[in-house]
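Listed here are the chains, written in short residue letters.
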Amino acid sequence: MKKALWLVASLALVSACTCPFKGGEKDLTQYVNPFIGCAENGHTFPGACYPFGMIQASPDTGNCTWTYCSGYMYLDEKIWGFSQTHLNGTGCPDLGDVQLQPFTGAAERENYHSAYKKETQKAKPGYYAVTLEDFGVDVELTASPRVAFHKYTYKNPSPARLLVDLQYGIVSGKDALKRHILASDVTTEDKYTITGHNQARAWVTRHYYYVVKFDRPYAAIKQLPAQEGEKAPRYVLDFDLKPGETLQVKVALSTVSVDGAKRNLAAEAPGWDFAAVHKRAKAAWNGLLARAEVQGSQEQKENFYTSMYHLFIQPNNIADADGQYRGADDKVLTAPEKAYYSTLSLWDTYRAAHPLYTILTPERVNGFISTMVAHQKAQGYVPIWTLWGKENHCMIANHSVPVIADAYLKGFRGFDAEVAFQGVKTSLTVNHPKSDWDVYAKYGYLPFDIIKGENVSRTLEYVYDDYCASQLAKALGKSEDAAFFAKRAENYKNVFDPETKFMRGRDSKGNWRTPFDPVKLNHGGDSGYDYTEGNAWQYTWHVQHDPEGLVGLLGGPAAAAEKLNTLFKLESKVEGSGFVLDVSGLIGQYAHGNEPSHHTAYFFDFMGVPWKTQEIIREIFDTQYKNYPGGLCGNDDCGQMSAWYLFSAMGFYPFNPCNEGYVFGAPQIEKVTLNLAKGRTFTVEAKGLSKENKYVQAVTLNGKPVAGIKLAHEQIMKGGSLVFEMGPQPKK
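Cut-off values and rules
Along each chain, residue indices are assigned from 1 in the same order as the chain's sequence is written. Local features in a predicted model are, by the rule used here, given only for residues with pLDDT of at least 70; side-chain atom pairs are given and counted only at 80 or more, and totals for whole chains, interfaces and linings are based on all residues. By convention in this description, side-chain values take in all heavy atoms of the structure and omit both hydrogens and water. Throughout this description, the term nonpolar core refers to a set of buried Ala, Val, Leu, Ile, Met, Phe, Trp, Tyr and Cys residues connected via side-chain atoms within 4.5 Å. Residue exposure (1.4 Å probe, protein chains only): buried if accessible area is under 20% of the type maximum, exposed if over 50%, otherwise partly exposed. Along the chain, pLDDT gives the predictor's confidence residue by residue, from 0 to 100. Here, two residues are considered to be in contact whenever any of their heavy atoms come within 4.5 Å of each other. Helix and strand assignments follow DSSP, with helices taken as H or I runs no shorter than four residues and strands as E runs no shorter than two, numbered in order from the N terminus. One less than the number of residues in a helix, times 1.5 Å, gives the span that helix is expected to have. One requirement defines pairing of two strands: DSSP has to find at least two bridges between them. Each reported salt bridge corresponds to a side-chain nitrogen of Lys or Arg within 4 Å of a carboxyl oxygen of Asp or Glu.

**Student:** I'd like to hear about the nonpolar core, residue by residue, with values.
**Tutor:** With 213 residues, the main nonpolar core has Leu162, Phe214, Phe304, Met607, Phe652 and Leu722 as its most contacted residues. Core analysis: the second largest hydrophobic core is formed by 11 residues, Tyr127, Val147, Val211 and Ala252 among them.

Following this line, the structure appears as structure tokens:
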């Protein structure tokens, strides 16, 4: 648990906002396949979006079940329409705002779905196109940060029509589709413009304001009959078009007001040049993708750059172009530097996505942290999982804490560190949903007879946040707070059963849960068991801050390695209560499709058998990441699955993502050059890499041998060259 305070060195490396990045001349979007993850349970979407933008204009092919958290499933044969907001790889449904569907034929029909041929579908960063076969309409979509731009070419000689469905949303359950709009106010300002406001409730309750603008006047407008419970209208608009003519539609959104949506439209897409908006989106994506140059096979490039694409879809800046945003308490405020971020899936993304942002997009990091601080001021505790600025309390612990601590320890200073720490301290000491600090303080763990579900997982994840808080306090010179949280960071030992060698539930009297089955899965608090989307085999390894301590509890390196090896060799079965579809991508009882397992393969490094990590990493690459729609073994979870791939492809991973550097694995791509801030580059090369040569023989940094198992963050950010010598046999 030795901590390096590299603050002085890091300070010189972080002023990224004013520092240029190399690259951007090549069209790297050619290697991005947005359809990866759009089948099975990857829950990604193929539509058009802008990096970190508010808008995700994409097709909807289904609704009302877990399958459609992103609104789209590749195997479906019909498109229902095109809505303007979507989630990337989450396990809960929401958004799907302002659905549009161009069509021809009868104005009123049972539904407005259309068949389409897969070969007419095209998707690249910032662009999506498809032909609606039933209606003879070619659809093209692009986006700016806050504006969706649609272009429809009507080919049939029949009335050109457009469905504007303001009731639609991506929800859980058919009844919710009728009732998720709580309030609606719509104005047809003129024959070119519809504006309005919806209050919607799905995963969160939120407000959104919109302006829908047409480049042609509609000839007629008809409101469709509403179903019981519906609050927002559906309109069918007729346009006077000849076959082959186009209709263009822009949809601008705001969390603040209709005027805010109009200002966003004027700022980002004032005219009707679809090609120009698409060009800007493509350039923005190329600028980010160029921060890594990959030398490898076509498949490797497609997997790598698609992972980068998924990583940069979110967090989403929900502030208007003038910086105004609606916060957690519904107050309208102005964000510093016009950025207020949401879609913070922190239980997932603290592990690898946020550490990767500190390398690849450091100019965003201060904005992320400022958002978390502002959210804590409004709500009383730091974000847990936020969508459109609202807390949904999904998942457990308070994993803004490691993100805040990591940023400060790496030298980021674009936020008030004292205020941030007080927000962290309050969040970890004052009770709020899923944070029962009084019980935790009394017992040093969460007893299962008091906390009825997830008690082991919550204890273990509390412990990690405690550790991160202690490191932040130490860096700020707060010795009393540092000691307090460091002591709590030892609490993982209180749920370790020395007889079974598992993290196990115990009651308020100290008795272990009986009967006990380490393979039994549990999803969440409603299931009444001890784990969160996992079991004892998976959560026993959830000690990211003190791997040496856990190895000691397990009986030393040899015994620990034997147990960990068993994890990967057990039968790959799913047994348990609650919703367990998230526990996927099984290799034995290791579940790569779910985030608590993501650091586990790297644990072998702390047991003196790094070649076991290298073997497992190769197996995960070969079995869990493929460049086709069903190629992700689990939800992308707002870029975390992708971040694991990116780090591991380069041969290192943030085992303890709180400025503890990166643990070595084995590179899976022959050469990657990172184009960093201030024009620096960091190159990772795997010499001799092949299917046979998967083991690391030696590692050099800037020509000098590397001792140990870690690479420090500042060693990357200074630039240089990391070389892995690969061979066919483990180096024991």
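That was the structure; now back to the text.
**Student:** How would you summarise the confidence of the model for the protein if you had to cite specific residues and measurements?
**Tutor:** Taken residue by residue, the protein gives an average pLDDT of 94. The fraction at 70 or more is 95%. pLDDT under 50 marks residues 1–19. Its contacts with residues more than four places away, or in other chains, come to 42 contacts.

**Student:** Tell me about helix α5 (residues 298–311), and please be specific about residues and values.
**Tutor:** The terminal C-alpha atoms of α5 lie 20 Å apart, and with 14 residues this matches the ideal 20 Å at 1.5 Å per residue to within 8%. The element α5 is extensively covered by neighbouring structure, given that 11 of its 14 residues are classed as buried. Among all positions in α5, only Lys301, Glu302, Asn303, Phe304, Tyr305, Thr306, Ser307, Met308, Tyr309, His310 and Leu311 are buried. On its buried face, α5 is in contact with β1 (48–49), α4 (274–289), β18 (292–295), α7 (353–360), α18 (640–650) and β34 (671–675).

**Student:** I'd like a rundown of the sheet that holds strand β24 (residues 385–387), residues and numbers included.
**Tutor:** In space, the 3 strands of this open sheet follow the order β23-β24-β25, with antiparallel pairing throughout. One side of each edge strand has no neighbouring strand; the edge strands of this open sheet are β23 (344–345) and β25 (390–391). Examined bridge by bridge, β23 and β24 share 2 bridges and lie antiparallel to one another. Bridge assignment links Leu344 to a residue of β24, and that residue is Thr386.

**Student:** Run through the pattern of salt bridges, naming residues and quoting values.
**Tutor:** Applying the stated rule across the entire model yields 27 salt bridges. Put simply, Asp94 and Arg206 hold a salt bridge, and the shortest N to O gap is 3.7 Å. With Asp94 in the loop between β4 (81–83) and β5 (99–104) and Arg206 in strand β14 (residues 205–214), this pair connects stretches of sequence that are 112 residues apart. The class of Asp94 is buried, set by a relative accessible area of 2%. We note a salt bridge from Arg263 to Asp322, for which the minimum N-O separation is 3.3 Å. Note that Arg263 is positioned in helix α3 (residues 258–268) and Asp322 in the loop between β19 (316–317) and β20 (324–326), a separation of 59 residues in sequence. What emerges from the salt-bridge pattern is a single network uniting Asp94, Asp97 and Arg206.

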